[in-house]
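Chain by chain, the residues run as shown.
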Amino acid sequence: MINRPRRLRRTPAVRSLVREHRVRVDSLVQPLFVAARTADAGPISSMPGIERYTVEGAAAEAQVLHALGISSVLLFGIPEFKDAVATSNYDPNGVVQRAIAAIKTAVPEMVVIADLCNCEYTDHGHCGILTDRGEVDNDATVALLVRTALTYAQAGVDVIAPSDMMDGRVEALRSALDAHGYTDVIIMAYSAKYASAFYGPFREAAGSSPQFGDRRSYQMDPPNAREALREIALDIEEGADVVMVKPALPYLDIVRSARDTFEVPIAVYNVSGEYSMVVAAVERGWMERDRTVDELLVSFVRAGADIIITYFAKEFAQRHGGSS
Ligand code: PBG
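Residues numbered from 1 in each chain as written. Predicted model: local features only at pLDDT ≥ 70, side-chain atom pairs only at ≥ 80, totals over all residues. Heavy atoms only, no water.

Draft legend 1. Structural context of the packing of aromatic side chains. Counted under the stated rule, the structure contains nine aromatic pairs. Between Phe-33 and Phe-202, the ring centres sit 5.6 Å apart and the planes meet at 55°, which makes this aromatic pair tilted. Taken as a pair, Phe-33 in strand S1 (residues 28-35) and Phe-202 in helix H6 (residues 200-206) lie far apart in primary sequence, 169 residues in all. Judged on exposure class, the residue Phe-33 and its partner Phe-202 are both buried. Where Tyr-269 meets Tyr-311, the ring centres are 6.1 Å apart and the plane angle is 45°; that geometry is what we call tilted. Separated by 42 residues along the polypeptide, Tyr-269 in strand S9 (residues 266-270) and Tyr-311 in the loop between strand S10 (307-310) and helix H11 (313-319) bring together distant segments of the chain. Here the two residues Tyr-269 and Tyr-311 agree in accessibility, since each one is buried. Through successive ring pairs, a cluster of aromatic residues spans Phe-33, Phe-76, Tyr-190, Phe-202, Tyr-269, Tyr-275, Tyr-311 and Phe-312. The ring of Tyr-90 has Arg-147 sitting right over it, with the charged end atom 3.8 Å from the ring centre. Above the plane of the ring of Tyr-190 lies Lys-193, whose end atom (NZ or CZ) is 5.3 Å from the centre. (Phe/Tyr/Trp six-rings, centres within 6.5 Å; stacked < 30°, edge-to-face > 60°. Helix = DSSP H or I, 4+ residues; strand = E, 2+ residues; numbered from the N terminus. Buried < 20%, exposed > 50% of the residue type's maximum accessible area, 1.4 Å probe, protein only. Lys NZ or Arg CZ within 6 Å of the ring centre and 35° of its normal.)

In short, the description is geometric, and any link to function would need to be established separately.
Right, here's the structure in full:
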């Protein structure tokens, strides 16, 4: 027999020599939930092992992550109060603004990304401002996002990540950031963000469930693939530096076709439901945690992602300082 592919699988050293893809710890982004009120800090029941931090707690955690080799965090705020127009989101002294400043002071090298959306800050739980008919008003929402983004930039953020899925927001953000001198602030756009059931556990974590209806009028319809490429192309034209596909696991086909089509860095978001379903199966003894996490994360690299946003970032870094 001439062809014996098993020859290259015989020992760990040979397998390592011929390994095609590796997960780099420095390509992982750890999401952090930051609460304005100490009473809101603590464990998140829908995401065992993940917690909400106070601003000081988030800065301390950023130091721990940095020591493990993680170079970036993604911030979500749990504000003190909510109203119809997300006032607490553009407060220069809001929770995300304070967390940005605290983390940049504690660990200046940490790449701080701020998720930019309104659903954690509105009492109706939608991602934007509502019209009289209860629909999300695209252009009014974009203006609000710009206002908030400038306060994040003022606080020292490195990357703004709009996750609202309004049309035209990347262009509006780029021109406002530039006009105010923030030409170096990076835009990482949630470009192909689907209306997904996998965000379930996050909505408990961030207290951001819509009080009526759903997000299907702004997030993408799961059966669509070509539309994702169109959304990504538009965001690149509008000035996005990095584009994102979200969720990760059910959309690896989109990651692959985006990788083959575009030159910009591609991020994937391994979302809360993907985290919690693994943790739940492991808790029941049905799967092994470490092997499952490693297999999951390398699938994102194989699909073509450069940046992986995952709640498993810290534990992966704890197990593999460096690469695997
Ligand atoms: C805000 C936002 C959401 C997530 C990231 N940014 C929730 C949503 O769109 O409903 C989900 C993240 C996760 O599930 O881990 N719009």
